[in-house]
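# Summary of the model geometry
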Amino acid sequence: VSTQSTWVAARRFIVNYIGSTSTALMRRHLRDIVMSLNATWQGSLQIFQHYTQYWSGGYQAAAGYMGPEEFRATLEDSVFTLAPFGHAQETFRLWEALETGSIPVLQRPPKDPNCGMALAPFNAEFPGLLPPFIWLKDWSELPALLERAQGDLAPYQAQQDRLVRWYARFKHQWYGSSLKKLIELGMERL
(Lines give C-alpha, C1' and ligand atoms only; values in the text may rest on other atoms or scores of the structure.)
Protein backbone atom coordinates (compact mmCIF):
# COMPACT_ATOMS: atom_id res chain seq x y z
CA VAL A 1 0.00 0.00 0.00
CA SER A 2 1.34 3.41 -0.78
CA THR A 3 1.19 6.26 1.70
CA GLN A 4 -0.98 8.05 -0.87
CA SER A 5 -4.31 6.24 -0.85
CA THR A 6 -7.40 7.44 -2.68
CA TRP A 7 -9.14 10.01 -0.49
CA VAL A 8 -12.30 8.66 1.09
CA ALA A 9 -14.41 11.43 -0.51
CA ALA A 10 -13.17 10.34 -3.95
CA ARG A 11 -14.22 6.73 -3.46
CA ARG A 12 -17.35 5.42 -5.13
CA PHE A 13 -18.51 2.95 -2.46
CA ILE A 14 -19.25 3.68 1.18
CA VAL A 15 -18.73 -0.02 1.96
CA ASN A 16 -18.15 -3.36 0.29
CA TYR A 17 -19.01 -6.84 1.38
CA ILE A 18 -17.43 -9.50 -0.79
CA GLY A 19 -17.28 -13.12 0.20
CA SER A 20 -18.71 -16.56 0.68
CA THR A 21 -21.73 -16.73 2.93
CA SER A 22 -21.49 -20.47 3.61
CA THR A 23 -18.49 -20.38 5.94
CA ALA A 24 -20.32 -19.01 8.96
CA LEU A 25 -23.86 -18.23 10.05
CA MET A 26 -22.70 -14.73 11.00
CA ARG A 27 -21.72 -14.06 7.37
CA ARG A 28 -25.24 -14.88 6.21
CA HIS A 29 -26.64 -12.63 8.93
CA LEU A 30 -24.34 -9.82 7.77
CA ARG A 31 -25.35 -10.42 4.15
CA ASP A 32 -28.99 -9.98 5.16
CA ILE A 33 -28.17 -6.70 6.95
CA VAL A 34 -26.24 -5.36 3.94
CA MET A 35 -28.93 -6.41 1.45
CA SER A 36 -31.66 -4.76 3.55
CA LEU A 37 -29.58 -1.61 3.96
CA ASN A 38 -28.80 -1.49 0.24
CA ALA A 39 -32.52 -1.77 -0.64
CA THR A 40 -33.27 1.51 1.15
CA TRP A 41 -29.90 3.30 0.89
CA GLN A 42 -30.19 6.95 -0.16
CA GLY A 43 -26.55 7.98 0.24
CA SER A 44 -24.47 9.43 -2.57
CA LEU A 45 -21.84 6.71 -2.11
CA GLN A 46 -23.02 3.26 -3.14
CA ILE A 47 -22.95 -0.04 -1.26
CA PHE A 48 -21.08 -2.81 -3.11
CA GLN A 49 -21.95 -6.43 -2.46
CA HIS A 50 -20.83 -9.63 -4.16
CA TYR A 51 -21.51 -13.06 -2.71
CA THR A 52 -20.60 -16.59 -3.60
CA GLN A 53 -22.41 -19.59 -2.21
CA TYR A 54 -19.31 -21.57 -1.33
CA TRP A 55 -15.62 -21.02 -0.95
CA SER A 56 -14.11 -23.25 -3.62
CA GLY A 57 -10.46 -23.00 -2.66
CA GLY A 58 -9.74 -21.13 -5.84
CA TYR A 59 -10.86 -18.00 -7.59
CA GLN A 60 -12.60 -19.19 -10.74
CA ALA A 61 -15.05 -16.91 -12.50
CA ALA A 62 -17.29 -19.95 -13.14
CA ALA A 63 -17.70 -20.32 -9.35
CA GLY A 64 -18.89 -16.71 -9.11
CA TYR A 65 -15.63 -15.12 -8.02
CA MET A 66 -14.54 -11.65 -9.07
CA GLY A 67 -11.31 -11.37 -11.01
CA PRO A 68 -8.27 -10.12 -9.04
CA GLU A 69 -8.19 -6.75 -10.80
CA GLU A 70 -11.91 -6.09 -10.24
CA PHE A 71 -11.63 -7.25 -6.64
CA ARG A 72 -8.70 -4.94 -5.86
CA ALA A 73 -10.31 -2.02 -7.70
CA THR A 74 -13.48 -2.47 -5.63
CA LEU A 75 -11.58 -2.37 -2.35
CA GLU A 76 -9.55 0.64 -3.52
CA ASP A 77 -12.84 2.38 -4.34
CA SER A 78 -14.46 1.61 -0.94
CA VAL A 79 -14.29 3.72 2.21
CA PHE A 80 -14.96 0.63 4.36
CA THR A 81 -14.43 -3.09 3.82
CA LEU A 82 -16.45 -5.53 5.92
CA ALA A 83 -14.18 -8.25 7.28
CA PRO A 84 -16.34 -10.78 9.12
CA PHE A 85 -14.63 -13.88 10.40
CA GLY A 86 -15.60 -17.30 9.12
CA HIS A 87 -13.93 -20.51 10.30
CA ALA A 88 -11.29 -18.42 12.08
CA GLN A 89 -11.26 -14.97 13.62
CA GLU A 90 -8.55 -13.68 11.32
CA THR A 91 -9.61 -13.17 7.73
CA PHE A 92 -7.83 -12.44 4.47
CA ARG A 93 -10.26 -9.55 3.95
CA LEU A 94 -8.61 -7.65 6.80
CA TRP A 95 -5.22 -7.75 5.08
CA GLU A 96 -6.69 -7.05 1.64
CA ALA A 97 -8.45 -3.96 3.01
CA LEU A 98 -5.20 -2.75 4.57
CA GLU A 99 -3.34 -3.19 1.28
CA THR A 100 -5.86 -0.96 -0.49
CA GLY A 101 -6.31 1.72 2.16
CA SER A 102 -9.93 0.73 2.80
CA ILE A 103 -10.86 0.92 6.49
CA PRO A 104 -11.59 -2.58 7.81
CA VAL A 105 -14.80 -3.02 9.81
CA LEU A 106 -14.81 -6.00 12.14
CA GLN A 107 -17.12 -7.38 14.78
CA ARG A 108 -15.47 -7.82 18.16
CA PRO A 109 -15.00 -11.59 18.33
CA PRO A 110 -15.95 -13.69 21.30
CA LYS A 111 -13.19 -15.69 22.94
CA ASP A 112 -12.83 -18.88 20.94
CA PRO A 113 -12.16 -21.98 23.09
CA ASN A 114 -10.08 -23.46 20.25
CA CYS A 115 -7.85 -20.50 19.41
CA GLY A 116 -8.33 -17.95 22.19
CA MET A 117 -8.26 -14.36 21.00
CA ALA A 118 -6.55 -14.55 17.62
CA LEU A 119 -7.18 -10.84 17.00
CA ALA A 120 -6.17 -9.75 20.51
CA PRO A 121 -3.12 -7.79 19.32
CA PHE A 122 -5.43 -5.73 17.09
CA ASN A 123 -8.35 -5.39 19.47
CA ALA A 124 -8.79 -1.99 21.09
CA GLU A 125 -9.25 -3.70 24.45
CA PHE A 126 -5.62 -4.79 24.37
CA PRO A 127 -2.94 -2.09 24.48
CA GLY A 128 -0.02 -2.43 22.11
CA LEU A 129 -0.71 -2.60 18.42
CA LEU A 130 -3.81 -0.44 18.24
CA PRO A 131 -4.67 -0.05 14.58
CA PRO A 132 -7.39 2.35 13.48
CA PHE A 133 -9.82 -0.40 12.50
CA ILE A 134 -13.51 -0.01 13.22
CA TRP A 135 -14.75 -2.52 15.78
CA LEU A 136 -18.49 -3.12 16.09
CA LYS A 137 -20.00 -4.89 19.06
CA ASP A 138 -22.53 -6.42 16.68
CA TRP A 139 -23.14 -6.16 12.94
CA SER A 140 -26.50 -4.52 13.67
CA GLU A 141 -24.44 -1.36 14.40
CA LEU A 142 -23.38 -1.17 10.73
CA PRO A 143 -26.29 0.97 9.42
CA ALA A 144 -25.60 3.68 12.03
CA LEU A 145 -21.90 3.70 11.14
CA LEU A 146 -22.65 4.13 7.44
CA GLU A 147 -25.20 6.89 8.09
CA ARG A 148 -22.65 8.79 10.22
CA ALA A 149 -19.97 8.38 7.57
CA GLN A 150 -22.28 9.43 4.74
CA GLY A 151 -23.10 12.58 6.71
CA ASP A 152 -19.48 13.53 7.39
CA LEU A 153 -16.53 11.76 5.78
CA ALA A 154 -13.85 14.01 7.35
CA PRO A 155 -13.27 11.85 10.45
CA TYR A 156 -12.88 8.81 8.23
CA GLN A 157 -10.33 10.57 6.05
CA ALA A 158 -8.29 11.15 9.19
CA GLN A 159 -8.82 7.52 10.18
CA GLN A 160 -7.72 6.32 6.73
CA ASP A 161 -4.58 8.48 6.98
CA ARG A 162 -3.77 6.88 10.37
CA LEU A 163 -4.55 3.43 8.94
CA VAL A 164 -2.15 3.83 6.02
CA ARG A 165 0.63 5.09 8.32
CA TRP A 166 -0.05 2.34 10.88
CA TYR A 167 0.04 -0.40 8.26
CA ALA A 168 3.31 0.88 6.76
CA ARG A 169 4.89 0.82 10.26
CA PHE A 170 3.38 -2.58 11.02
CA LYS A 171 4.79 -4.11 7.83
CA HIS A 172 8.18 -2.53 8.40
CA GLN A 173 8.36 -3.77 12.00
CA TRP A 174 6.94 -7.22 11.27
CA TYR A 175 8.94 -7.88 8.11
CA GLY A 176 12.05 -6.32 9.62
CA SER A 177 11.95 -8.46 12.76
CA SER A 178 11.01 -11.60 10.78
CA LEU A 179 13.82 -11.08 8.29
CA LYS A 180 16.27 -10.50 11.13
CA LYS A 181 15.16 -13.75 12.80
CA LEU A 182 15.47 -15.66 9.52
CA ILE A 183 18.98 -14.32 8.98
CA GLU A 184 19.95 -15.16 12.56
CA LEU A 185 18.57 -18.68 12.21
CA GLY A 186 20.31 -19.09 8.87
CA MET A 187 23.63 -17.94 10.31
CA GLU A 188 23.33 -20.39 13.19
CA ARG A 189 23.05 -23.25 10.72
CA LEU A 190 26.14 -22.26 8.72
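Scroll up to find the structure.
Heads up: these notes are all about the structure in this document.

Reading guide: rules and limits
- Residues numbered from 1 in each chain as written.
- Predicted model: local features only at pLDDT ≥ 70, side-chain atom pairs only at ≥ 80, totals over all residues.
- Heavy atoms only, no water.
- Phe/Tyr/Trp six-rings, centres within 6.5 Å; stacked < 30°, edge-to-face > 60°.
- Helix = DSSP H or I, 4+ residues; strand = E, 2+ residues; numbered from the N terminus.
- Buried < 20%, exposed > 50% of the residue type's maximum accessible area, 1.4 Å probe, protein only.
- Polar contact = N/O pair within 3.5 Å; in protein donor to acceptor, adjacent residues only side chain to side chain.
- Contact = heavy atoms within 4.5 Å.
- Arc of directions from axis to C-beta.
- Axes fitted to C-alpha atoms, helices over the stretch in contact; angles between N-to-C directions.
- Parallel < 35°, antiparallel > 145°, perpendicular 65-115°, else oblique.
- Left-handed = near helix turned anticlockwise from the far one by under 90°.
- Nonpolar A, V, L, I, M, F, W, Y, C, P; charged D, E, K, R; others polar.

Following the criterion strictly, the structure yields nine aromatic pairs and no others. Geometrically, the ring pair formed by Trp166 and Phe170 is stacked, given 5.0 Å between the ring centres and 20° between the ring planes. Remark: Phe170 and Trp166 occur in helix H5 (residues 154–189); sequence separation between them is four residues, near one turn of the helix. When its relative accessible area of 7% is taken as the criterion, Trp166 is described as buried. Put simply, the rings of Trp95, Phe133, Trp135, Trp166, Tyr167 and Phe170 touch in pairs and so form one group of aromatic residues.

Inspection of the secondary structure puts Asp77 in the loop between helix H2 (68–76) and strand E3 (78–82). Here the side chain of Asp77 touches Arg12 through a polar contact of 2.9 Å, landing on its backbone nitrogen. Sequence-distant contacts of Asp77, defined by excluding residues within four places in its chain, comprise Ala10, Arg11, Arg12 and Phe13.

Let's shift gears to helix H4 (residues 142–151). Considered for burial, the residues of H4 that qualify are Leu142, Leu145, Leu146 and Ala149. Projected onto a plane normal to the axis of H4, the buried residues spread over an arc of 95° and lie on a single side. With respect to the buried face of H4, the exposed residues turned more than 90 degrees away are Arg148 and Gly151.

Two elements in contact, helix H1 (residues 25–40) and H4, have axes separated by 10 Å at closest approach and are oriented at 40°. Here H1 lies oblique to H4, going by the angle between them. Here H1 runs over H4; the crossing is right-handed. Residues Leu30, Ile33, Val34 and Leu37 of H1 form the contact with H4, whose participating residues are Leu142, Pro143 and Leu146. For the contact of H1 with H4, the per-class residue count stands at seven nonpolar, no polar and no charged.

Once that is clear, we can look at the packing of H2 against helix H3 (residues 92–100). Packing of H2 against H3 leaves a shortest axis separation of 8 Å and a crossing angle of 70°. Looking at the two axes, H2 sits roughly perpendicular to H3. The element H2 and its partner H3 pack so that their crossing is right-handed. In contact with Phe71, Arg72, Leu75 and Glu76 of H2, H3 contributes Arg93, Glu96, Ala97, Glu99 and Thr100.

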